[in-house]
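Structural characterization, general
Here's the letter readout for the chains.
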Amino acid sequence: MTISESDRLHAQLSRFEDMFPGYRTEIVEGNIVMSPVEPHHAETIRRVWNALESQVPEEWGFLSDVAVPMDDTNEFCPDLAVIPAAEVAKNLSAYSPELIEIAIEVVSPSSVRNDYEVKDRAYARRGIPHYLIFDPYRRHCVTLWNPGPDGYLGRDTIPYGKQVTVASGIGTLSVDTAALPVDPSAA
């Protein structure tokens, strides 16, 4: 992708964000992807954020749905990311993936492949130490760690109802998944 193509995508992304409230937009594999934000999606983000906030040292903070340019064809907006608080305080429109200690995504029907495959590889290639995928459709959380060039080498799947624990560089963090919402249509 050339600079002009990238600039064109960023300009379109900005327009779509203004035109379609209630949709999250990001650039994935060179395409603008729009995902509707459903109440259980936002509720999962809020509950995970609240659970982690009291455990994260004060020098760390959170981003939600803020651009993180990964490479020439991917600019993600993680549902939640843990980065240094001093960086959060800068209030930028985009942040470097190198700042992220933990990236968190909540699956929506249109993001399954992106969350489980594309972001797995992209986050790992950029060296993000931990990636968590909360899935209200499958009723589980996938924790990924030990990033490598083709994805994460460590992976656990924890069913909702159990504790998710991450031994990160900023401490051991946990989220009780028992109260996380699930999609009403999930079997």
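Let me begin by describing the structure that accompanies this report. The model shown is predicted, which means the values in this text are computed figures rather than measured ones.

Along its length, the protein carries four helices and twelve strands. Classification of the 187 residues of the protein by burial places 46% in the buried group. Carbon and sulfur atoms form 52% of the exposed surface of the protein, whose accessible area is close to 8900 Å².

The geometry of an aromatic ring pair is captured by two quantities: the separation of the ring centres and the angle between the planes. Inspection of every chain in the model, using the stated rule, returns four aromatic pairs. The interplanar angle of 35° and the centroid separation of 6.2 Å between the aromatic rings of tyrosine 131 and tyrosine 152 together place this pair among those described as tilted. Taken together, the positions of tyrosine 131 in strand β8 (residues 130-135) and tyrosine 152 in strand β10 (residues 151-159) put the pair 21 residues apart, joining distant regions of the chain. Residue tyrosine 131 shares its accessibility class with tyrosine 152, and that shared class is buried. Taken together, the aromatic side chains of Phe76, Tyr123, Tyr131 and Tyr152 make up a single cluster linked through ring pairs. The ring of phenylalanine 76 has lysine 119 lying over it, and the distance from NZ or CZ to the ring centre is 5.1 Å. Looking at arginine 138, its charged tip hangs above the ring of tyrosine 116, at a distance of 4.7 Å from the centre.

Bringing the pattern of salt bridges into the picture now. For the structure on display, the rule yields nine salt bridges. A salt bridge links arginine 46 to glutamate 43; the shortest N-O distance between them is 2.6 Å. A residue pair is termed a helical-turn pair when its members lie 3 or 4 positions apart in one helix, as arginine 46 and glutamate 43 do in helix α2 (residues 39-53) at three residues. Overall, arginine 46 belongs to the partly exposed group, its relative accessible area being 41%. We note a salt bridge from lysine 119 to aspartate 115, for which the minimum N-O separation is 3.6 Å. Of the two residues, lysine 119 and aspartate 115 are both situated in helix α4 (residues 112-125); the distance of four residues between them amounts to about one turn of the helix. We note that lysine 119, like aspartate 115, is buried. Each of Glu43, Arg46 and Arg47 takes part in one network of salt bridges that share partners.

This part takes up unusual backbone geometry. One non-glycine residue, arginine 139, lies in the positive phi region at around 60°. By relative accessible area, which is 34% here, arginine 139 ends up partly exposed.

A separate point is the sheet that holds strand β3 (residues 60-63). Strand order in the open sheet made by the six strands is β3-β6-β7-β8-β9-β10, with mixed pairing throughout. Across the chains shown, the open sheet's two edge strands, defined by having one partner strand only, are β3 and β10. Recorded for the sheet is a direction-independent mean angle of 20° between the axes of neighbouring strands. Here eight bridges tie strand β9 (residues 140-148) to β10, and the two strands are oriented antiparallel to one another. Across the sheet, residue histidine 140 finds its bridge partner in β10, namely proline 159.

Let us now look at the environment of serine 168. Tracing the sequence through the fold places serine 168 in strand β11 (residues 163-168). With a relative accessible area of 13%, serine 168 lands in the buried category. Distance in space between the C-alpha atoms of serine 168 and histidine 130 is 7.3 Å, their sequence separation being 38 residues. Setting aside its immediate chain neighbours within four residues, serine 168 contacts Glu101, Ile102, His130 and Leu173.

The rules behind the values
Residues numbered from 1 in each chain as written. Predicted model: local features only at pLDDT ≥ 70, side-chain atom pairs only at ≥ 80, totals over all residues. Heavy atoms only, no water. Helix = DSSP H or I, 4+ residues; strand = E, 2+ residues; numbered from the N terminus. Buried < 20%, exposed > 50% of the residue type's maximum accessible area, 1.4 Å probe, protein only. Areas by Shrake-Rupley, 256 points an atom, 1.4 Å probe, with all protein chains shown as cover. Phe/Tyr/Trp six-rings, centres within 6.5 Å; stacked < 30°, edge-to-face > 60°. Lys NZ or Arg CZ within 6 Å of the ring centre and 35° of its normal. Salt bridge = Lys/Arg side-chain N within 4 Å of Asp/Glu carboxyl O. Pairing = 2+ DSSP bridges. Axes fitted to C-alpha atoms, helices over the stretch in contact; angles between N-to-C directions. Contact = heavy atoms within 4.5 Å.

Such coordinate-based values are descriptive only and should not be taken to indicate function.
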